[in-house]
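# Topology and contacts: notes
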Amino acid sequence: MSCTPAVAAPTYPSREKRQADLVAALAEILPFGSILFRKEDTVPYECDGLTAYRCSPMVVVLPETEVQVAATLELCHRMGAPIIARGAGTGLSGGALPHQWGVILSLAKFNKILKIDTAGCVAIVQCGVRNAAISEAAAPYGLYYAPDPSSQIACTIGGNVAENAGGIHCLKYGLTLHNVLRVRGFMVDGEPVEFGSQALDAAGLDLISVIVGSEGMLAVISEVTVKLIPKPRLARCIMASFGDIESAGAAVASVIARGIIPAGLELMDRAMTAAVDAFVHADYDLDAAAILLCESDGTPEEVAEEIARMEAVLSEAGASRIEVSRDEAQRLKFWSGRKNAFPASGGISPDYMCMDSTIPRKRLAQMLRAIEQMQGKYGLRCVNVFHAGDGNLHPLILFDAQVPDEMRRCELFGADILETSVRLGGTISGEHGVGVEKLNSMCVQFSPAERAQFLAVKRAFDPLELLNPGKVIPTLHRCAEYGKMHVHRGMLPFPDLPRF
């Protein structure tokens, strides 16, 4: 059963009048160059990394100070204008999709690293700082920031907090939630707020775990304090080849069952490795049905012992070839392939949709077989790359939006993957979030009573539902064919609003 987003229709006679009033009001608190409203200026903000769904924003603002952010929020709250906070726009679930009556609050100019505290092993950064830039700034002190999404050269820490991003090393070092100590920002009406603490515990309710992963629906993030950890003295990576994908999936469960927690444990199928190797020449085994990348880090002695243990487990699990990185250059080459899986997919298909769900590790082989059957069912190809160690799947469904009906079949394929994940004991999202993409699937995983509780939390922070409306939480009182209402090729995301 699918659900539609609830958004109250404004009373303005036309979008043009609403836009003119908002621009005039915003011009009183922001420099005019920080306000974008002409079509040619707002086109880049029509979507995030989920490019299949688009909507034209009414206004885009680019504040430079926290005072300007607070004033913008207060004004939008007073005028009843929806607000969508946006970072680098690399999200893959439509979480930064504009609202046709609302304001995009771009935080791209909040890109300063405020402090590297080597004694406390923390970094205090503005929300628009790139993920990779934190480790670059900490490197001279022998420290780094562990969560490393594949988009880390572009994605921002504010977006990572909003989606609770992971990465290839989250199996050992945790997701964003486990590496963030404090979040500062603003409530929907511009009131400053702080969650967490730089100390081991915070006074009052522990709400940082509510904010991390809240997808811009509860507050606007402006500053984040993250943990830094010492760089390991050594890291080595195993590339293990398997003749069938089921054996590769079973090998993942065997590694964890032996009490080994690798720094990274990733799986790619043959179609994915072929695409990646052509893109970055990572020297993968192209004859294998699937490969595993298993990394160990620590002291030289720890790494040698763990690599030996993993080699033994992988051999027992049926690996046909095992290659251990000779040096740092080869290790980075192995990982460059994995980190370029998404752009490599763009080289073999006009369009693709990356799904994001989790399943118990022991169900990996079962899930891979199900996806193989779905390819025949929907007449579309799917290449697979997984954070296999923690059961986070990233199947990439390949399609051509110019071919009639392929987009619809792609959406059905993706929904089938998510529903199957839930049936196998998993969840509909691991790190990309729900956004607009997975609204249907929220109805598959959560009951009406559970969704009512989600909405109650939302309204406790944002009673008027102005922050990122129409995302994450389906409505509780109306169900319809939401697939017909997706924002596809220029359609509006909120079909119950008037169109002028």
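Residues numbered from 1 in each chain as written. Predicted model: local features only at pLDDT ≥ 70, side-chain atom pairs only at ≥ 80, totals over all residues. Heavy atoms only, no water.

## Looking at the confidence of the model for the chain
Of the residues in the chain, 92% reach a pLDDT of 70 or more, and the chain-wide mean stands at 91. Here residues 1-9 scores under 50 on pLDDT; set against residues more than four positions off or in separate chains, the count is 43 contacts. In this model residues 476-500 is a low-confidence stretch, pLDDT under 50, and it forms 80 contacts with partners more than four residues away in sequence or in other chains. (pLDDT = per-residue confidence, 0-100. Contact = heavy atoms within 4.5 Å.)

## Examining the packing of aromatic side chains
This structure, assessed with the given rule, holds six aromatic pairs. With centroids separated by 6.5 Å and ring planes inclined at 80°, the aromatic side chains of tyrosine 144 and tyrosine 173 adopt a geometry described as edge-to-face. In this pair, tyrosine 144 sits in strand β7 (residues 143-144) while tyrosine 173 sits in helix α6 (residues 170-173), placing the two residues 29 residues apart along the sequence. Measuring from centroid to centroid gives 5.3 Å for tyrosine 378 and phenylalanine 413, while their planes differ by 25°, and the two rings are stacked. Placement of tyrosine 378 in helix α13 (residues 364-378) and of phenylalanine 413 in helix α14 (residues 406-423) is noted, with a sequence separation of 35 residues between them. Both residues of the pair, tyrosine 378 and phenylalanine 413, belong to the buried class. (Phe/Tyr/Trp six-rings, centres within 6.5 Å; stacked < 30°, edge-to-face > 60°. Helix = DSSP H or I, 4+ residues; strand = E, 2+ residues; numbered from the N terminus. Buried < 20%, exposed > 50% of the residue type's maximum accessible area, 1.4 Å probe, protein only.)

## Focus on the sheet that holds strand β2 (residues 59-61)
If you trace the four strands from one edge of the open sheet to the other, you get β1-β2-β4-β3, paired in mixed fashion. If you trace the sheet from one side to the other, it starts and ends with β1 (35-36) and β3 (83-86), each paired once. Taken together, the two bridges between β1 and β2 define a ladder with antiparallel strand orientation. Within β2, the position partnered with isoleucine 35 by the bridge is valine 61. Its contacts with the sheet place helix α1 (residues 15-26) against β1, β2 and β4 (103-106), and it is angled at close to 20° to β2. Contacting β2, β3 and β4, helix α3 (residues 66-79) runs over the sheet at an angle of about 165° to β4. (Pairing = 2+ DSSP bridges. Axes fitted to C-alpha atoms, helices over the stretch in contact; angles between N-to-C directions.)

## Considering the packing of helix α8 (residues 245-257) against α13
The geometry of α8 relative to α13 is characterised by a closest axis approach of 7 Å and an angle of 150° between their N-to-C directions. What the angle tells us is that α8 and α13 run roughly antiparallel. Considering how the two elements wind past one another, α8 and α13 form a crossing that is right-handed. Across the interface between the two elements, Ile245, Glu246, Gly249 and Val252 from α8 touch Leu364, Ala365, Leu368 and Arg369 from α13. Taken together, the residues that form the contact of α8 with α13 break down as five nonpolar, one polar and two charged. (Parallel < 35°, antiparallel > 145°, perpendicular 65-115°, else oblique. Left-handed = near helix turned anticlockwise from the far one by under 90°. Nonpolar A, V, L, I, M, F, W, Y, C, P; charged D, E, K, R; others polar.)

## A short note on the sheet that holds strand β6 (residues 122-126)
Either a parallel or an antiparallel arrangement is found when strands of a sheet pair, and the pairing is made through backbone hydrogen bonds. The strand order across the open sheet formed by five strands is β5-β6-β10-β8-β9, and the pairing between neighbours is antiparallel. Looking at the sheet topology across the chains shown, the edges are occupied by β5 (113-117) and β9 (192-196). In this sheet, neighbouring strand axes are inclined to one another by 10° on average, regardless of whether the strands run parallel or antiparallel. Bridging between β6 and strand β10 (residues 220-227) involves five bridges; their strand directions are antiparallel. Bridging from a neighbouring strand, isoleucine 124 pairs with threonine 225 of β10. Sheet contacts for helix α4 (residues 131-138): β5, β6 and β10; angle to β5, the most-contacted strand, approximately 45°.

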